[in-house]
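# Reading the structure
This is what each chain is made of:
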Amino acid sequence: MAQCVQSVQEFIQDTFVPMVAVLCSEAADGSTRKNNLSFAELVRPFCRLTSEVHMRDPNNQSHVIKNLRISVTSIVTQPPQQTTIRKLLSEVVSASQPAEGLVANVITAGDYDLNISDRSVKASVPWYNNWKDTLTQLNSSKFHAATTPWFEAYREYFFQSMPPSDHEFLHHYLACMLVVSSRDSDPMEQFFKLSQEQHRIQHSSDYSYPKWFIPNTLKYYVLLHDVSEGGEERAETVYEEMKHKYGTQVCYLLKFNSRMPSSGADEQIPDPWSQYLNRNNLQNQEICDGFVPPASKSKECVIGVELDGLDNSINAEIPNNCKSHPFQGSAKSRELDGPNQAKPVEAVNAVMKQNSSGAHGLSLTLTDHDRIRQFIQEFTFRGLLPHIEKTIRQLNDQLVSRKGLSRTLFTATKKWFSGSKVPEKTINELKNASSLLYPPEAPELQIRKMADLCFLVQHYDLAYNCYHTAKKDFLNDQAMLYAAGALEMAAASVFLQPGAQRQYPTHYMETAIQTYKDLCKNLVLAERCTLLSAEILKSQAKYSEAATLLIRMTSEDSDLRSAILLEQAAHCFINMRSPMVRKFAFHMILAGHRFGKADQRKHALRCYSQAMQVYKGKGWSLAEDHINFTIGRQSFTLRQLDNAVAAFRHILIKDSKQKAAQQEAFLREYLYVYKSVSQLSPEAPLPQLPLPYIKSSATRVFFGHDRRPSEGEKQAATHVSLDQEYEREASQQWKELEERVVAIVNKGAIPQNFQHTQYCLNSQTDNLRFPVAVVEEPVTVEVVFKNPLKVPLLLSDLSLLWKFNFKDFMKGSEEDARESISNEKDSHMKASHDIFTEVINEFQISGEETKTVRLKLLPRLTGELHILGIVYNLSTVSSALKQDGLDSSSGTQMAANCLNVSSPSLAKSGIKPQAAHNLHQPSSIDQLEYYHGLSWTEGKVPHGLSVRGRQDLEIQGPRLNNTKEEKTSVKYGSDRRLDPIITEAKPLLEVFFINFPTGLLCGELRKTYVEFVNVSQCPLTGLKVVCKDPDFFSFGSKTSALTPLSPTASENCSAYKTVVTDCAGTSSAITSSVSPADFGMDSGNPRWVIEVPLPDSVLLPAASVQLPLWLRGPDEEGVHEINFLFYYESTKPHSKSGHRVLRHTAIICTSRSLSVRATACRSNALEAEAKSDIDNLLLFLDVANINTSEAGVREFHIIQVSSCSEHWKLQKCINPTEDKDAKLSSRERAKLCFRATRCQHSEATLCSEGRYIFADIVLGSEQIISATTPCADFFFQSCCAAQSRKAALQTPMVPSRPKTGHVTKLVQKCNEVDLNIIVLWKAYVVEDNKQLILEGQLHVALQSIGKEACSLPHVQEAQEMVLLKFIRLEQPQLPARPSLEQLSHLIKISLHYPEYYDHSFHQKSLCLVPVTLVLFNCCQIEVDIIVDLRHKATSPEMLEVHGSFTWLGQTTYKIQLKGQEVHTVALKACFVHAGVYNLGTPRVFAKLADQNVQCETSQQNSSPALIIINSV
């Protein structure tokens, strides 16, 4: 049970105390009224004895009485009515609330810290954020107050209000004080009258109430003397006369009111009465006869406790001739607050304050206090206790004489107990004999009377013997009411015996309770017995048994009693050794339910709030919903509107498992409460609405206009929109592109204040800086709503909340300052002079739907804009008025569906909270009773109810994790996406692509157009486009000469510039030279940034321009995503960043076309005289059709092969075909051979100036001018792309290589061939039964002799992971030497001889043939050469096939050749017979002249030189 201020022993002893009646004369009552007290109230704080008292039992043994308290009350002649008692108990419980400011108790049970106090509402409800801190603070406190003072108040008034009954004598008067004032004219006469009045009330048949213990009641005569009025001698005289007439033992002179009116007002006298009177004013009724003046009234009181500071008694004031009990009252004044007419507790508290505001004891001094205390002691020592001792002896003697037994009851009880026992009958076997009455002189009642007297004076051993004896007699007589009373008090006597050897008979109490309830139908006595037994069991730590008793006592006849007992049972569960927290919470719910039915709304709210501490956060959503719903209802009834709104809000913000109809009713309840709150303070700021959810982190902000959609062949630039998903990698690519162009514009350096342009901000973008928006351009905010309910929601008048600070960035921050404006006060404002706010009239969200809404603002001034949140009207959808047959009145009853607790058997079963999951069933009678006091809506909550509120957009920035402090703590950065800076007007560009393809063949060329439109009021300039794939597109060269198109070209809409030529017959090359700078490929301009050739470089407002755009399909097949970033600037100076960008992403799908492989080798043709063609190459092209015919390509035609180089050019085609061009069908291949020569001196001069030589070999009927746009553009872009890829491959760090020397470079140049081949083709495609002609070009870059090159890009294979090796560099690094492979190609060798030679061996046996050996130095430096003719073919095969011959003359030559020099050596070969001979036997060795090399390197032999010798 709950913590109490009294121990169980003190509680029982203070509950059953000797009762003393009081009768006062009018003068005596007037003297006490000077202190604003009646006589009973005057002596109340002093009625507990501070010393031990001794008395003797019938065996003449001394018995000690400790801490005895007596009860002094006025005589009441009418018993109280039960209805009145119930009303008073309800008021007592209602007025007893947790005191504000007291430190609460915290009970730790397992994982729970339960706050059982006045702060439990704050600490347990979900909306109280700091409850953990509160628990920590409270748990550290050492002060503990009674956790349930309302229970103690209820228990106190319940025992006080119990009327005396005939079957027991515990509440019968033992004595009567007759109080007369010394101011009476004849005090002795007044004593006589009061004595007669007492005798008449006790013995007359007209009075059945009150009850008196014995006929010979002790009369104690008290003479009051008011010291302030003098007459002390008269008082002494009267007192002497009293003692003479009545005896000294029963007379007392009490002097008081010693404080004179002239005494200082500053003197402070303690007021021991206020603590009793303030707590008992609810039942202090002053009901008097008409002739009795108010000053003659007296109050009934129960003397309280002075030492413990609290009292368990009740004051009830009556006049001397009063005929009614103080609890009776008038029906009008005691009418209980009905469910529909609640009496606020504040009014009751005001009445209590008014009644208790008067000071008490103003005429008393501390001496008077001691006199009153002495008076009580004298009365007890000399009057009351001797009277009780005498009565016990008399009763003992009467019992002994009537029974004929031993002299004392002790010996009698021993014989009774030792003798044979009569088997007792069970309760079920006994008849209902509760109506049996014993005469007053019956021995059984005398035993009971003696037992009660012994119990009152704490002689519990003797009392138990008597109770046990009486119990047997009552059971034998089947007097069940008497037997139950004896069992109850016998059990209490056993418990109170100090050091008792007997075990507490729990079954006595259980039998008594069952008898009271089932047989006697007396629930008041059953409740008393339950309270006593529960306290005793609690003191023995038998909390489970105590809880069972309390739960059994709950019933339907009294909701208040059931609520009080269920709450105490819940406390029993929490105080067990292993706390049963869930049972505690469940029974607190039951208690709150019954409190609600008893119209105790504050207590119901408290119980539900305490139970919430257990249920919240455990996944019991239905139970949480019920508790929060009830908390909201009760809070609204108590006008705690903020708590009501918070409770209903909590139901809505959690993921509810309720049905749709249930959720709809919850929502209507919330809207009704919210509407009531808002009507109380219409001028207050708009509060926060709980629905729908806003995913703040998913909020996106877009700056700018919505792009115009594509129209027919016009395709608008994709740019940025809210419909696109954010990709971090793509965003990084756009950032790199912008940084590139900004660096170029700013001469290679990025400004420090550079801010990356972000048109769409989300949770993944960089939001640390304030975004920049442009005036007269909308700001769109996309908010993500989620409806957690299963019912649709309707949002109306939805708009953004904002705050704007005007600021002119061009003039400075201090000039033209204005006050900030906001639409918070007038949220319905659609437009203003400064900010236009879009308002959405209706926005519906279906049940459990996640939906986005886009709201716009249009700023018209520059400054700082802060988007605060959204504002809207929340209402339910009319189409969802009725679901599952539930109408609007269901919301008033639904919470009771969650816990149907009307049956006591359900409460006793201890159902776990999981039982709440099947609670939403059709309503029952109990549910209607549950909302007896909660009918404030009366089923009239309108479905179309709408409330206006707001939700703030609070976005948490990213967690900081840079510094050590940030890593070791949790800190978040700022997120500025909702705080844009509005800058002055800027130009705005829109780009449209006309006939832009989506699919191309690899290398295919297509001509399209692009349109640039300036849709702003500002001119733009500096238009550039940035792309990582510049080889994909071209705007053309600036200086390209207009070449007339051939009829075929215009007919087929060719993208190339062509001319009709007849060079195809000779297959010779047509050359021309160009500069890369003409195509934007100069070294100073990076290839990624391309300037758009606008007319006059400016695009005026509202102007547009169309420019041709050539596209070339990427060389790799597949889907390609190509990003274009258009950069442009304003012609006017700008405070912030002056440039803007426009994004476009093109998706191109490419399929295979042709594959070209090229190989170069040195030509054997080397003439000693013709030096112009000394250095030439043979070029082999292997062309394959690798198209899979998926695009409908029928065949490819190779129409032209062109070369481009600074040093080489194609000369002619060696193997021209009969057809004009080479045709390749699917999976066919062709091999072409061309001769390439080094450029002549005049051409080399042009090349030295950085110009390229283009040579075209036409295989068709038309020549494509490769040196003009677009062929040359894509060629140069392809070369740059290849160089970039080559540089990228060399970027990874490798072990440092030795430095390459100058000589080595010269040697390497011998084998290098910087020759680029352009293969132009046409493809015939059948599409929709129409034949289309596609054209394109492929590029092959030859780098060195003998190394194959391919048009297809090289695919790098993934390298295997290898172990990391650390290499120690050797210093210094020596220059690298040429390799043997490089040194073997220094000299080009050629033999000139006749292929056929006729000789008559008959005439001359030796045949001499002249042979010329031509040597060409391929290097630029001198070379030492050794020619050795002594080499012979020793291989048998060589001899067999070729025969043998010999060289005549000098066989070894040593020659020195300068760079690019040609030298001839005349040789003679000698043959002895006819045959086929190989003349390629001379060996040539060479070494660099300037190098210290001991040996020469053998040069590669030329191809076999065969000669045929014929014999004639």
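Residues numbered from 1 in each chain as written. Predicted model: local features only at pLDDT ≥ 70, side-chain atom pairs only at ≥ 80, totals over all residues. Heavy atoms only, no water.

### A closer look at the overall build of the protein chain
Counting its secondary structure elements, the protein chain contains 36 helices and 59 strands. When burial is assessed residue by residue, the protein chain has 54% of its 1512 residues classed as buried. When the accessible area of the protein chain is evaluated, it comes to approximately 68600 Å², of which 49% is carbon and sulfur surface. (Helix = DSSP H or I, 4+ residues; strand = E, 2+ residues; numbered from the N terminus. Buried < 20%, exposed > 50% of the residue type's maximum accessible area, 1.4 Å probe, protein only. Areas by Shrake-Rupley, 256 points an atom, 1.4 Å probe, with all protein chains shown as cover.)

### Some details on the sheet that holds strand β55 (residues 1462-1471)
The pairing of strands in a sheet happens through backbone hydrogen bonds and is either parallel or antiparallel. The antiparallel open sheet is built from 4 strands, whose spatial order is β49-β51-β55-β53. In the strand order of this sheet, the two ends are held by β49 (1387-1392) and β53 (1446-1448), each with one partner. The mean inter-strand angle of the sheet, taken between neighbouring strand axes irrespective of direction, is 35°. (Pairing = 2+ DSSP bridges. Axes fitted to C-alpha atoms, helices over the stretch in contact; angles between N-to-C directions.)

### Regarding the pattern of salt bridges
Under the criterion given, the structure shown has 52 salt bridges. Across the salt bridge formed by Lys255 and Glu236, the nearest N and O atoms sit 3.2 Å from each other. With a gap of 19 residues between them, Lys255 in strand β9 (residues 251-256) and Glu236 in helix α9 (residues 232-246) connect regions that are remote in the sequence. With a relative accessible area of 19%, Lys255 lands in the buried category. We note a salt bridge from Asp1115 to Arg1112, for which the minimum N-O separation is 2.8 Å. Overall, the relative accessible area of 22% leaves Asp1115 in the partly exposed class. On the basis of relative accessibility, which here comes to 3%, the residue Arg1112 falls in the buried class. When salt bridges that share partners are traced, they join Glu168, Arg448, Asp452, Glu488 and Arg528 into one network. (Salt bridge = Lys/Arg side-chain N within 4 Å of Asp/Glu carboxyl O.)

### Observations regarding unusual backbone geometry
Following Tyr209, the chain continues into Pro210 via a peptide bond in cis, with omega recorded as 5°. Looking at where Pro210 falls in the secondary structure, it is placed in the loop between α8 (187-203) and β8 (218-226). Pro1270 follows Thr1269 through a cis peptide bond whose omega is 5°. Mapped onto the elements, Pro1270 comes out in the loop between β45 (1262-1264) and α33 (1271-1289). Notably, Asn36 is not glycine yet its phi reads approximately 60°, a positive angle. Judged by its relative accessible area of 36%, Asn36 falls in the partly exposed class. A positive phi is found at Glu848, a non-glycine position, where the angle reads about 55°. When its relative accessible area of 52% is taken as the criterion, Glu848 is described as exposed.

### Side note on the sheet that holds strand β39 (residues 1176-1185)
Strand order in this open sheet of 5 strands is β41-β43-β39-β38-β48, and the pairing throughout is antiparallel. In the strand order of this sheet, the two ends are held by β41 (1208-1213) and β48 (1349-1350), each with one partner. Bridge count for β39 against strand β43 (residues 1229-1238) is 9 bridges, and the pairing is antiparallel. Across the sheet, the residue bridging to Asp1182 is Lys1231, located in β43.

### Regarding the pairing of strand β46 (residues 1312-1327)
Within β46, 12 of the 16 residues are buried, which leaves it mostly tucked inside the rest of the structure. Sheet topology note: the strand β40 (residues 1193-1205)/β46 ladder contains 10 bridges and is antiparallel. If you follow Ile1198 over to β46, its bridge partner there is Trp1321. Sheet topology places β46 next to strand β47 (residues 1330-1344); 14 bridges connect them, and they run antiparallel. When the sheet's bridge partners are listed, Leu1315 is paired in β47 with Leu1342. Hairpin connection of β46 to β47: 2 residues between the antiparallel strands, including Asp1328 at a positive phi of 55°.

### Describing the nonpolar core
Counting residues in each nonpolar core, the largest one holds 176 residues, and the members touching the most others are Ile12, Phe39, Met177, Val179, Phe375, Phe455 and Tyr615. A per-element tally of this core places helix α16 (residues 480-496) first, with 14 residues. Counting 56 residues, the second largest nonpolar core, distinct from the first, contains Val645, Leu874, Ile955 and Ile982. (Core = buried A, V, L, I, M, F, W, Y, C linked by side-chain atoms within 4.5 Å.)

### A look at the environment of Glu1004
Among the structural elements, Glu1004 can be located in strand β28 (residues 1004-1014). Exposure remark for Glu1004: the relative accessible area of 1% places this residue in the buried category. Separated by 333 residues in the primary sequence, Glu1004 and Gln1337 place their C-alpha atoms 6.5 Å from one another. Once residues within four sequence positions are removed from consideration, Glu1004 is found in contact with Leu1111, Arg1112, Gly1113, Trp1321, Leu1334, Glu1335 and Gly1336. At a separation of 2.7 Å, a polar atom in the side chain of Glu1004 contacts the main-chain amide nitrogen of Leu1001. (Contact = heavy atoms within 4.5 Å. Polar contact = N/O pair within 3.5 Å; in protein donor to acceptor, adjacent residues only side chain to side chain.)

### Quick word on the packing of helix α4 (residues 82-95) against helix α7 (residues 149-161)
Packing of α4 against α7 leaves a shortest axis separation of 9 Å and a crossing angle of 155°. Looking at the two axes, α4 sits roughly antiparallel to α7. In this structure, α4 crosses over α7, and the sense of that crossing is right-handed. Two secondary-structure elements touch here, α4 through Ile85, Leu89, Val92 and Val93 and α7 through Trp150, Ala153, Tyr154, Tyr157, Phe158 and Ser161. Its residues assigned to classes, the contact of α4 with α7 shows 9 nonpolar, 1 polar and no charged. (Parallel < 35°, antiparallel > 145°, perpendicular 65-115°, else oblique. Left-handed = near helix turned anticlockwise from the far one by under 90°. Nonpolar A, V, L, I, M, F, W, Y, C, P; charged D, E, K, R; others polar.)

### Overview of helix α21 (residues 581-597)
Each α-helix turn comprises 3.6 residues. Residues three or four places apart therefore point the same way. When the terminal C-alpha atoms of α21 are compared, their 24 Å separation across 17 residues agrees well with the 24 Å that a helix rising 1.5 Å per residue should span. Most of α21 is tucked away, with 15 of its 17 residues classed as buried. The positive-phi residue at the C-terminal boundary of α21 is Asp599, with phi of around 65°. (Expected span 1.5 Å × (residues − 1).)

### Thoughts on the packing of aromatic side chains
The geometry of two aromatic rings is summed up by the distance between their centres and the angle between their planes. According to the stated counting rule, one finds 43 aromatic pairs in the structure shown. Where Phe1445 meets Tyr1477, the ring centres are 6.3 Å apart and the plane angle is 80°; that geometry is what we call edge-to-face. With Phe1445 in the loop between α36 (1436-1442) and β53 and Tyr1477 in strand β56 (residues 1475-1478), the pair connects residues that are 32 residues apart, well separated along the chain. One exposure class covers both Phe1445 and Tyr1477, and it is buried. Here the aromatic cluster, defined as three or more aromatic residues joined through ring pairs, consists of Phe993, Phe996, Phe1012, Phe1032, Phe1033, Phe1035, Phe1124 and Phe1126. Here the basic side chain of Lys851 rests over the ring of Phe843, its NZ or CZ set 4.8 Å away from the ring centre. (Phe/Tyr/Trp six-rings, centres within 6.5 Å; stacked < 30°, edge-to-face > 60°. Lys NZ or Arg CZ within 6 Å of the ring centre and 35° of its normal.)

### Focus: empty space enclosed by the protein
Tallied over the entire structure, the rule returns 12 cavities of 30 Å³ or more. Its boundaries defined by the atoms lining it, the second largest cavity holds a volume of some 70 Å³. Along the walls of the second largest cavity sit Gln13, Asp14, Phe16, Val17, Pro18, Asn67, Leu68, Arg69, Phe455, Leu456, Gln458 and Tyr460, which together make up its complete lining. Among the elements of the structure, α1 (8-15) and α14 (443-456) are those that each provide at least two residues to the lining of the second largest cavity. (1 Å grid on protein atoms, 1.4 Å probe; cavity = no way out; pocket = protein on both sides within 12 Å on 5 of 7 lines; lining within 4 Å. Points joined across faces, edges and corners; volume = space filled by probe spheres on them.)

### Considerations on the packing of helix α23 (residues 621-637) against helix α24 (residues 641-653)
One can describe the packing of α23 onto α24 by two numbers: an axis separation of 8 Å at closest approach and a directional angle of 160°. Between α23 and α24, the angle is such that the two are roughly antiparallel. Between α23 and α24 the crossing geometry is left-handed. Between α23 and α24, the contacting residues are Glu624, Asp625, Asn628, Phe629, Ile631, Gly632, Arg633, Ser635 and Phe636 on the first element and Leu641, Asn643, Ala644, Ala647, Phe648, His650 and Ile651 on the second. Split by residue class, the contact of α23 with α24 holds 8 nonpolar, 5 polar and 3 charged.

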